[in-house]
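# Chain and residue survey
Residues per chain are reported as follows:
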Amino acid sequence: MKIKGVPYRTIWPTEDGKAIEVIDQTRLPHHFVTVRLSDAEEIADAIWRMIVRGAPLIGAAGAYGLALALREDASDEGLDAAYEMLAETRPTAINLRWALDRVSRVVRNKPRESRAQIAWEEAARICDEDVEVCRRIGQNGLKIFRDAYAKKQAAGKPGPLNVLTHCNAGWLACVDWGTALAPIYMAHDAGIPIHVWADETRPRNQGASLTAFELNSHGVSHAILADNAGGHMMQAGAVDLCIVGTDRVTANGDVANKIGTYLKALAARDNNIPFYVALPASTIDWTLDSGALIPIEERAMEEVTTMTGRLSDGHIATVHITPEGSPAANPGFDVTPARLVTAFITEAGVAPATEQGLRSLFPKS
Ligand code: MRU
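Parameters and conventions
Residues numbered from 1 in each chain as written. Predicted model: local features only at pLDDT ≥ 70, side-chain atom pairs only at ≥ 80, totals over all residues. Heavy atoms only, no water. Pairing = 2+ DSSP bridges. Helix = DSSP H or I, 4+ residues; strand = E, 2+ residues; numbered from the N terminus. Contact = heavy atoms within 4.5 Å. Axes fitted to C-alpha atoms, helices over the stretch in contact; angles between N-to-C directions. Phe/Tyr/Trp six-rings, centres within 6.5 Å; stacked < 30°, edge-to-face > 60°. Buried < 20%, exposed > 50% of the residue type's maximum accessible area, 1.4 Å probe, protein only. Domains from an automatic or database assignment. Buried area = accessible area lost by both parts, 1.4 Å probe. Salt bridge = Lys/Arg side-chain N within 4 Å of Asp/Glu carboxyl O. Polar contact = N/O pair within 3.5 Å; in protein donor to acceptor, adjacent residues only side chain to side chain. Nonpolar A, V, L, I, M, F, W, Y, C, P; charged D, E, K, R; others polar. Expected span 1.5 Å × (residues − 1). Bend = angle between axes of the 7 residues up to and from the residue. Near = heavy atom within 4 Å. Areas by Shrake-Rupley, 256 points an atom, 1.4 Å probe, with all protein chains shown as cover. Core = buried A, V, L, I, M, F, W, Y, C linked by side-chain atoms within 4.5 Å.

## Some words on the pairing of strand β14 (residues 306–310)
In terms of strand pairing, β14 meets strand β15 (residues 316–320) through 5 bridges, oriented antiparallel. Of the residues in β15, the one forming a bridge with Gly309 is Ala317. Connecting β14 to the next strand, β15, in antiparallel fashion are 5 residues, including Gly314 with a positive phi near 95 degrees.

## Things to note about the sheet that holds strand β13 (residues 284–285)
On the basis of which strands lie adjacent, the open sheet formed by 4 strands has the order β13-β10-β11-β16 and mixed pairing. Edge positions in the sheet fall to β13 and β16 (333–336), since each has one partner strand and no second. In terms of strand pairing, strand β11 (residues 255–258) meets β16 through 4 bridges, oriented antiparallel. Looking across to β16, one finds that Ala256 is bridged to Val335. Contacts from helix α9 (residues 261–270) reach β11 and β16, with the element oriented near 30 degrees to β16.

## Description of the packing of aromatic side chains
Under the criterion given, the structure shown has 3 aromatic pairs. When the ring of Tyr8 is compared with that of Trp12, the centres are 6.0 Å apart and the planes differ by 55 degrees; the resulting orientation is tilted. Given a relative accessible area of 23%, Trp12 falls into the partly exposed group. Aromatic pair Tyr64 and Trp120: ring centres 4.8 Å apart, planes at 70 degrees, arrangement edge-to-face. Here the residue Tyr64 occupies a position in helix α2 (residues 55–72), and Trp120 occupies one in helix α5 (residues 112–154), the gap between them amounting to 56 residues. Exposure class is identical for Tyr64 and Trp120. Each is buried. Here the aromatic cluster, defined as three or more aromatic residues joined through ring pairs, consists of Tyr8, Trp12 and Phe32.

## A few points about the domain arrangement of the protein chain
Parsing the protein chain into structural domains produces domain 1 (2–128) and domain 2 (136–361). Taken together, the contact between domain 1 and domain 2 spans 31 residues of the former and 34 residues of the latter. Summing the contributions of domain 1 and of domain 2, the shared interface buries around 2,700 Å²; its carbon and sulfur component is 61%. Among the residues domain 1 hides against domain 2, the three largest losses belong to Arg53, Thr92 and Ile94. Together they make up 23% of the total. Counting every contact that joins domain 1 to domain 2 gives 1 salt bridge. Residues Arg90 and Glu297 are paired through a salt bridge, measuring 2.8 Å at the closest nitrogen-oxygen approach. Run the count over domain 1 and domain 2 and you get 15 residue pairs in polar contact (both at pLDDT 80 or more). Of all the secondary-structure elements, those providing two or more residues to the side of domain 1 that touches domain 2 are β1 (2–3), α2 and α4 (94–107). Residue composition of the side of domain 1 that touches domain 2, grouped by class: 18 nonpolar, 8 polar and 5 charged.

## Brief notes about helix α7 (residues 206–218)
Between its first and last C-alpha, α7 extends 17 Å over 13 residues, near the 18 Å set by a 1.5 Å rise per residue. Of all the bends found along α7, the most pronounced is centred on Ala212 and spans about 30 degrees. Every buried residue belonging to α7 is among Gln206, Gly207, Ser209, Leu210, Thr211, Ala212, Phe213, Glu214 and Leu215, and all of these are buried.

## So, the site of the ligand
Around the ligand, the structure places 19 residues, and the nearest of them are Arg90, Gln206, Asp247, Asn257 and Lys258. One of the side-chain nitrogen or oxygen atoms of Gln206 is found 2.9 Å away from an oxygen atom of the ligand. Between Lys258 and the ligand, the recorded distance is 2.8 Å, taken from a side-chain N or O atom to an oxygen atom. Considered on its own, the ligand offers 410 Å² of accessible surface; in the complex 99% of this is hidden by protein. Of all the elements in the fold, those that place two or more residues in the shell around the ligand are α2 and β11. Grouping the amino acids of the shell around the ligand by side-chain chemistry returns 8 nonpolar, 7 polar and 4 charged. Lining the shell around the ligand are residues from two domains, each supplying at least three of them: domain 1 (2–128) and domain 2 (136–361).

## A word on the nonpolar core
Most often, soluble globular proteins keep nonpolar side chains buried together rather than apart. Ranked by internal contacts, the top residues of the largest apolar core, which has 81 residues, are Ile11, Ile43, Phe145, Ile184 and Ile243. No other element matches the 14 residues that α5 contributes to this core. In this structure, Leu164, Ala238, Phe275 and Ala353 belong to the second largest nonpolar core, which totals 28 residues.

## Re the sheet that holds strand β7 (residues 194–199)
Spatially, the 7 strands line up as an open sheet ordered β8-β7-β6-β9-β12-β17-β18, and their pairing is mixed. Only two strands of the sheet have a single neighbouring strand rather than two, namely β8 (221–225) and β18 (349–351). On average, each strand axis in the sheet is tilted by 25 degrees relative to the strand beside it, whichever way the strands run. Judged from the 5 bridges that link them, β7 and β8 form a sheet pairing that is parallel. Residue pairing across strands places His195 opposite Ser221, the latter belonging to β8.

## Notes on the side chain of Ser209
By the secondary structure assignment, Ser209 is in helix α7. Ser209 gets classed as buried once you look at its relative accessible area, which sits at 13%. With sequence-adjacent residues up to four places away left out, Ser209 is seen in contact with Leu28, Pro29 and Arg204.

Structure follows, in structure tokens:
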């Protein structure tokens, strides 16, 4: 995607090949800043602090982290220690472990002196593949958007296709394109009138800061919705379809995604509004057969008790919004049962949110 006319991915190797560079997502939407990450510890810290976030992107970053760790210690013990350090940064998104497993597998039986280079090349492949996979998700979702808009027109309803999304599942969450936002960009580029409701997504506001930043940069019509407004907007007929990304889908089709997704899926069902989940194969956890088994990340209470924003003088400040002494709970994700999902949109096509549906798309998995 382009920022002020310059094409960017969210992660890339530095020219000297000694590090990676990423967009610092904690500084958006107010400042567009990139940071250099030179070793596995820095990458683990960047994943934990959410300088990089979004399931596919933390997988890509983790893969580079393992490669950099192997430059310092290419032994089996070094590999295992780096794997554990990176894996425990974010427990819910399965893409992180998927990428770490993939890199570990390709280096495990290789001579030590070649391991770091093999891992580096595998990390680059993961990034390139992610771009292509997201492009295909976009194309498969575009057909659904096209049909939905045609149906709306045929029903004599005026206005654009109104799409509600939660959190950020755009190019910032991946290497490029995004999952849930890829069909939105493609529909916009294809001339389909589209308007996006971006849920603010408390506590970290990925919708209000990152999704809105993306849509704004690309010129897509959008407005930010307070998290609690979605149900009302659906009742009022202002939402034609919902689409979200996911951090882990279990074999039975249950969907873990940013906290608040479940409530939107419930409201969509109550209002007969289709609720789609866009995902790459790397987000499917075939080892779990129920969403109840997914570990849910619990984050610091300060994410709830404070808000960060830009002051009128341009400075960024964090302020307390709750009484001193009131604790907060901060589960990062929730699980939407498969029965509330209209369909999965993947790189391999579209299928019902069932084990059979997933297996029809990915028979070899
Ligand atoms: O905590 P985050 O910002 O990493 O959570 C991101 C999400 O929940 C996204 O919706 C999900 O990773 C899908 S990204 C393509």
